[in-house]
Amino acid sequence: MAWFKRKEKGIQTATEDKKDVPEGLWYKSPTGKVVDSEELAKNFYVSPEDGYHVRIGSKEYFEILFDENKFTELDEKLSSKDPLKFTDTKKYTDRLKAAQEKTELKDAVRCAVGKSKGRELVIACMDFSFIGGSMGSVVGEKIARAADYSLKNNIPLLIISKSGGARMMEAALSLMQLAKTSAKLAQLAEAKIPYISLCTDPTTGGTTASFAMLGDINIAEPGALIGFAGPRVVKDTTGQDLPDGFQTSEFLLEHGFLDFISHRKELKNKINQYIDLIGNLPLRE
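Residues numbered from 1 in each chain as written. Predicted model: local features only at pLDDT ≥ 70, side-chain atom pairs only at ≥ 80, totals over all residues. Heavy atoms only, no water.

Here the focus is the packing of aromatic side chains. Under the criterion given, the structure shown has 4 aromatic pairs. Both rings, one in F66 and one in F71, keep their centres 5.4 Å apart while their planes meet at 25°; by these two values the pair is stacked. Seen in terms of ring centroids, F260 and Y274 are 4.9 Å apart; in terms of plane orientation they differ by 15°. Their pairing is stacked. Here Y274 lies in helix α8 (residues 267-278) and F260 lies in strand β9 (residues 260-261), a separation of 14 residues in the sequence. With a relative accessible area of 38%, F260 lands in the partly exposed category. Three or more aromatic residues joined by ring pairs form one cluster here, namely F62, F66 and F71. Residue placement shows R55 over the ring face of F128; its charged tip is 4.4 Å from the ring centre. (Phe/Tyr/Trp six-rings, centres within 6.5 Å; stacked < 30°, edge-to-face > 60°. Helix = DSSP H or I, 4+ residues; strand = E, 2+ residues; numbered from the N terminus. Buried < 20%, exposed > 50% of the residue type's maximum accessible area, 1.4 Å probe, protein only. Lys NZ or Arg CZ within 6 Å of the ring centre and 35° of its normal.)

With that settled, the discussion passes to the pairing of strand β6 (residues 157-163). Counted residue by residue, β6 has 7 buried out of 7 residues, so it is predominantly covered. Residue alternation in β6 divides its side chains into two sets, L157, I159, S161 and S163 and L158, I160 and K162, and both sets are buried. When strand β5 (residues 119-126) meets β6, the two strands line up parallel, connected through 4 bridges. When the sheet's bridge partners are listed, A124 is paired in β6 with I159. As paired elements, β6 and strand β7 (residues 195-203) share 6 bridges and run parallel to each other. (Pairing = 2+ DSSP bridges.)

What follows concerns the environment of V139. Within the secondary structure, V139 is located in helix α4 (residues 137-153). Between the alpha carbons of V139 and Q177 there is a distance of 8.0 Å; along the sequence they are 38 residues apart.

Another aspect to go through is helix α3 (residues 92-103). Taking 1.5 Å per residue as the helical rise, α3 with its 12 residues ought to reach 16 Å, and the 16 Å between its terminal C-alpha atoms agrees with that figure. Buried within α3 are the following residues: Y92, L96, A99 and T103. All buried residues of α3 lie within an arc of 65° about the axis, which places them on one face of the element. Away from its buried face by more than 90 degrees, α3 exposes K97, E101 and K102. Immediately downstream of α3, the backbone of E104 shows phi near 60°, a positive value. (Expected span 1.5 Å × (residues − 1). Arc of directions from axis to C-beta.)

Following this line, the structure appears as structure tokens:
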């Protein structure tokens with residue numbers, strides 16, 4: 001008798017004894033490729049089947065970029081208030097609390113200093129999981145303070161953008177962060193301290209209009225969505241038909257808005273190579 005034929009009929013398993021497959025064991029990319037989650041993590045969260053760069057957050061980028069994942073977080077407990085007493089479908093204070101509980105983050109950016117390939121680097125990394133990576137007062141303030149830390153200690157700065165744009169629950173206060181962060185980066189440029197901007201999927205709205213495009217070197221991950229407004233708004237404003245993929249990192253590189261596109265597994269080497277070149281330092285292996 002074949003092994004797959006039952007010897008006894010009518011065998012049933014009680015509902016409480018049934019075991020579900022644990023969540024998170026597999027990842028399915030947009031092209032339909034299914035990847036084991038552990039294999040995905042070992043491959044820098046890039047699908048080995050199709051090269052798709054899975055959207056990740058500050059935790060994963062810090063693991064990739066800091067030596068032995070050792071770093072000191074800056075302004076760790078800074079969190080947003082509700083100066084406008086804003087309410088849409090729910091109170092802004094409730095939305096913040098829910099996002100903090102769900103993500104275990106204080107806001108949409110984390111800043112840290114540590115060694116990358118043996119030399120100190122300040123990284124400000126945005127988290128899309130926190131209210132769409134929206135830029136409010138805290139995001140602007142933490143990036144400004146990270147730039148101040150770089151300026152004071154003469155350490156290069158890397159900003160990893162991943163944002164849906166300005167946080168409208170803070171209205172004009174959110175938009176003010178564009179000018180504030182840009183002014184701080186101008187101070188870094190004046191002091192000749194390298195600033196690298198990494199655009200990841202998605203980099204849109206106010207981040208694109210400010211710090212994301214102000215790097216000494218502007219780089220992006222493959223296939224990242226990068227733009228200011230959405231395609232429909234751009235088309236309605238310009239009255240022009242838009243080419244396919246006009247907001248992808250590949251299109252922007254071709255048209256001169258980016259310097260390089262880097263695969264995630266090469267990110268650490270590339271970023272430090274650019275820093276060495278800008279600073280006229282010996283290239284690290």
